Amino acid sequence: MQTQKTPPFVSLAGSVERFSYRLNYVLERVCALLVAGMIGVVWFGILERYALALGATWTEELARYIMIWAALLAVPCCAYRREHIGLDLVFSRLPLSWQMPARMLLDLLGLAFFLFLTWYGVTMAKGGANQYATIFGMTMFLPFTAVPVTAGLTAFQIAAVMLRDAAGVAPLFTRKEAA
């Protein structure tokens, strides 16, 4: 009995998909924890302002920075699942033979954009090391770091999706979440 050997490209795409799925799994949970933390900070701010009167002035600013990180960390999650706003409307109207090339072209544009944003974000984060938050007194390095980190993660997820599609590998989230 002969066993079929998986071509190296498909095997690589499968390995990348498994890593990409795990990365997405972690990012989704980090986003959820950040949103929960943000809600906790906002509720503490409300409770503090109207009941405790402790003089905590940091709650709004902290909630804002947490929200920025959570929102930007959701972008690679959407890239992994191909949840682009409005693009399905465009692709559903294209002939089937045009859909894959059009998707790859848009993926290449997205990949180029997020790679540029990663590079630009590193420069921005370095500049943030010399700027200070109004209330905390901390540097803006950590809030500004959200841009290159999430842009780099998004670029990776777009590249992983491109590889997955080119090799014809099924996304793991469709199988695991359907069960």
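Being a predicted model, the structure only gives us computed values, none of them experimental.

## Quick look at the UniProt feature "transmembrane region" (unreviewed entry) in the chain
Here comes step 1: When the UniProt feature table is mapped to this numbering, "transmembrane region" (unreviewed entry) covers residues 26-47, 62-80, 101-120 and 132-156.
Here comes step 2: Overall, residues 26-47 shows 100% helix and 0% strand. The separation of its end C-alpha atoms is 31 Å.

## Some points on the packing of helix α4 (residues 96-128) against helix α5 (residues 141-167)
Here comes step 1: Following both chains from N to C, one finds α4 and α5 inclined at 160 degrees, their axes separated by 8 Å at the closest point. In terms of their interaxial angle, α4 and α5 are classed as roughly antiparallel. By crossing handedness, the relation of α4 to α5 is classed as left-handed.
Here comes step 2: Split by residue class, the contact of α4 with α5 holds 20 nonpolar, 7 polar and 3 charged.

## A look at the pattern of salt bridges
Here comes step 1: Per the counting criterion, the structure on display carries 7 salt bridges.
Here comes step 2: The partner of Glu28 in a salt bridge is Arg81, and the shortest N-O contact between them spans 3.0 Å. One end of the pair, Glu28, is in helix α1 (residues 8-52); the other, Arg81, is in helix α2 (residues 59-81), and 53 residues separate them in sequence.
Here comes step 3: Taking relative accessible area as the criterion, Arg81 reaches 16% and is therefore assigned buried.
Here comes step 4: Because the salt bridges share partners, they merge into one network encompassing Glu17, Arg82, Asp107, Arg164 and Asp165.

Rules used in this analysis
Residues numbered from 1 in each chain as written. Predicted model: local features only at pLDDT ≥ 70, side-chain atom pairs only at ≥ 80, totals over all residues. Heavy atoms only, no water. UniProt positions renumbered as here; feature names shortened; annotations may be inferred. Helix = DSSP H or I, 4+ residues; strand = E, 2+ residues; numbered from the N terminus. Axes fitted to C-alpha atoms, helices over the stretch in contact; angles between N-to-C directions. Parallel < 35°, antiparallel > 145°, perpendicular 65-115°, else oblique. Left-handed = near helix turned anticlockwise from the far one by under 90°. Nonpolar A, V, L, I, M, F, W, Y, C, P; charged D, E, K, R; others polar. Salt bridge = Lys/Arg side-chain N within 4 Å of Asp/Glu carboxyl O. Buried < 20%, exposed > 50% of the residue type's maximum accessible area, 1.4 Å probe, protein only.

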